[in-house]
Amino acid sequence: MQPIRQTFPINQTGRAGTYDNKDLIHSTDKSLGATWEQRFGTGWTFNNAVRYSDKKAFWNTNAVVYPLDMSNLISYAILGLLGQPGTYSFRGINSGKELLSVQSFSGFDFNVLSNSLPGNAVAPNSLFFEPLFYTDNGVKEFLDQYSLTKKLKNMSFTVGGFYGHSKVDRVFAIGGLGLATIQDRPELVNIIRTNPDSTITHVTNGNGISGIVNGASPNKATQNQAAFFFGHNWQITSVLNLDWGVRFEAVNVKGQNRPGVTTQSKTGGLDADPLTLYDNGVGTAPTTYFFDKRVHTFSYSAGLNYKINNYFAVYGRVSEGNKAPDLDMYFAANTEFLSRTLDPIPQKVRQVEAGLKAKTGNLNLFVTPFYSVLSHVAGVQTFQNPDQTFYNAPTVYNKYRTYGVELESDYAFTKHFNVRGVLTLQKSKALDFTAWLGRNLGPADDTLVSFSGNETDNIARSIINITPSYKIDKFYAQLTWAYMGKRQANVANAFLLPSFSQFNFSTGYDVSQHFNLALVVNNIFNKYGVMSWSRPGAFLEALDRQGFTKEMYQDAMKSNRPYSTVSIPARAYFITATFKF
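Keep in mind that what you see is a predicted model, and the values were worked out from it rather than measured. (Residues numbered from 1 in each chain as written. Predicted model: local features only at pLDDT ≥ 70, side-chain atom pairs only at ≥ 80, totals over all residues. Heavy atoms only, no water.)

### A few points about the side chain of N257
For the record, the criterion: Helix and strand labels come from DSSP, where a helix needs a run of H or I of at least four residues and a strand needs a run of E of at least two; each type is numbered from the N terminus. Think of it in three bands: with a 1.4 Å probe and only protein chains considered, a residue is buried below 20% of the maximum accessible area for its type, exposed above 50%, and partly exposed in between. Contact criterion: two residues are considered in contact whenever any of their non-hydrogen atoms come within 4.5 Å of each other.
Locating N257 in the fold gives a position in strand β15 (residues 240-257). Exposure remark for N257: the relative accessible area of 0% places this residue in the buried category. With residues near it in sequence (within four places) discarded, N257 still touches P218, N219, T287, T288, Y289, F291, Y330, F331 and A333.

This is how it looks when you write it as structure tokens:
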């Protein structure tokens, strides 16, 4: 999309935000840390690591960029134009040429008078929806981890703790709404409406943006985290080793959400002109929802390693880990119902793995079969209300099972040349999986469906990485072939995303002990590898990826309906110079 710089008010606070898509994600991180190691003799060691950080991140991105059919009532509802009759003229920002003209007699009927839009073969009478998503994140954090270790002849014990205190201040807002042509290098459009009384209404401003006064949503949270851990390593015999450990953790998250609300001004908005619709909104955050939740977790891991001889060893490990939910779950509790029913549940992963380690001559080989179950995976979904605000559906929790084998090998052909390869073969199943399907605007017709028993989406059945490397004296070079196998596009198993390969190259030279030059080329052949996708259709339809079934896919194939994909990064070159003091 072309460059956009748009300033907008943050509710009625007197503060203003600036959306600038040239800045994309702009982050700063200031931190100060220290480590301390104290050895007392007789095998006792104390370690402490402490850090304070102050982080800022401004996100200037767009999302949900899908076609909006400008002959459809829902599109005008999203733009806040329902019930406003007249003739709408859509003109290119750069060319000034009229690309689309739509007439409405009642404000609820929309009839195309003329259409010269590019992209009609993709989506007739349609323009890309371009909301300007703006997020201002601020985090101040203090972290401290300490441990005491005692080493004996054949074993060691470690006991320690962790403390973290974080304060998060986040503002999420939509800096405006734009529409752009469906083509390579989309062009934003200006929208002007000629009213029945012949007056002219400017729907967009000079940037091609409408709705620049939207309700911003401030979120605040304070998180306190404390953990205690214990580990034991025991060399039982010269060939048998046992290591195990446990971790107890308590997390308290306290804060508030203030969801933004947009109403229409009766006095003409910021410029007091009712015929400039783009600034006629009033943004407020009238309701505060508080949360104060505690989560306790317990995790453990134990492994046994047996050395058969100098060439072979086997091992086995059993683990159970728990992870407290991230802050998005708390910030998603932005209605009375969601706030009242907020019940954060930690994710749980249970895994069993075994392995064979082999070393013969120039070959190192690792074979690791594994079996894991990931449960309590929160699904937070966001949908839109008729008044253009957003809401979150009730959180659902899903469960997945994955099993497979990983093979890793390294073979040295000569002193200077070796090849490393990693192969993963796996299969995953959604043991319990439900998702909300948002149909029309608002939650009234949202439905909960189950796809339990299907193959999990986005889990490649095979992943391969092969890297030949050459190193001599101060020079090194390596080439990596990365292969991603087919994956289910969604848990409904509508179709498979295609496999793809990518080649990356890197080389470097140590000019001196302190100075290094390096060249990296990613995706050498500029391949288009599909990482994600959206279903065919306009804005609301495209959001519903999990509700796209095999039958719908077959119908889309018959009618040759296109869909959107997200690719791996295009070919990129990097030259770096590193100087070490």
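Read on for the rest.
### Quick look at the packing of aromatic side chains
Note the cut-off: Any two of the Phe, Tyr and Trp rings considered here, Trp counted by its six-membered ring, make a pair once their centres fall within 6.5 Å; the pair's planes then place it as stacked at under 30 degrees, edge-to-face at over 60, or tilted in between.
For the structure shown, the criterion picks out 23 aromatic pairs. Through pairs of rings, three or more aromatic residues link up here, namely F495, W533, F548, Y553 and Y563.

### Here's the deal with the pattern of salt bridges
To keep things clear, this is the line we draw: By definition here, a salt bridge exists when the distance from a side-chain nitrogen of Lys or Arg to a carboxyl oxygen of Asp or Glu is within 4 Å.
In total, this model carries twelve salt bridges according to the counting rule given. A salt bridge links E37 to R39, with the shortest nitrogen-to-oxygen separation between them at 3.0 Å. Since its relative accessible area comes to 44%, E37 is described here as partly exposed. Accessibility expressed as a relative area gives 62% for R39, which makes it exposed. Among the salt bridges present, the one from E320 reaches R350, with a minimum N-O distance of 2.7 Å. Of the two residues, E320 sits in strand β19 (residues 312-323) while R350 sits in strand β20 (residues 347-360), which places them 30 residues apart along the sequence. Judged by its relative accessible area of 46%, R350 is partly exposed.

### Comments concerning the pairing of β20
Successive side chains on a regular strand alternate, one facing one side of the sheet and the next facing the other. Our working rule: When DSSP locates at least two bridges between a pair of strands, those strands are taken to pair.
Summarising the sheet, β19 and β20 pair through twelve bridges and their orientation is antiparallel. Directly across from E320, in β20, lies its bridge partner R350. By the bridge criterion, eleven bridges tie β20 to strand β21 (residues 363-379) in an arrangement that is antiparallel. By the bridge assignment, V349 is partnered in β21 with L374. Between β20 and β21, which pair antiparallel one after the other, the connecting turn spans two residues, and G361 there sits at a positive phi close to 60°.

### Quick look at a nonpolar patch on the surface
Test applied: Like charges are joined within 9 Å and nonpolar side chains (Val, Leu, Ile, Met, Phe, Trp, Tyr) within 5 Å, but only among residues with over 30% relative accessible area and no salt bridge; these make up the patches. Here the accessible surface of atoms and residues is derived via Shrake-Rupley with a 1.4 Å probe, and residues count as covered only by protein chains that are part of the display.
The grouping of V159, F228, F248, F298, Y300, V318, V352, Y371 and Y403 at the surface amounts to a nonpolar patch, some 770 Å² of accessible area in total. Among the residues examined, F248 registers a relative accessible area of 43% and is labelled partly exposed.

### A short note on the pairing of strand β11 (residues 189-194)
Covered by surrounding structure in β11 are V189, I191 and R193 only, the residues N190, I192 and T194 on the alternate face being uncovered. By the bridge criterion, six bridges tie strand β6 (residues 86-92) to β11 in an arrangement that is antiparallel. If you follow F90 over to β11, its bridge partner there is I191. Here three bridges tie β11 to strand β12 (residues 200-202), and the two strands are oriented antiparallel to one another. Along β12, the bridge assignment pairs R193 with T201. Linkage of β11 to β12, two consecutive antiparallel strands, is achieved through a turn of five residues, within which S198 is found at a positive phi near 75°.

Purely geometric stuff here, so don't read any function into it on its own.
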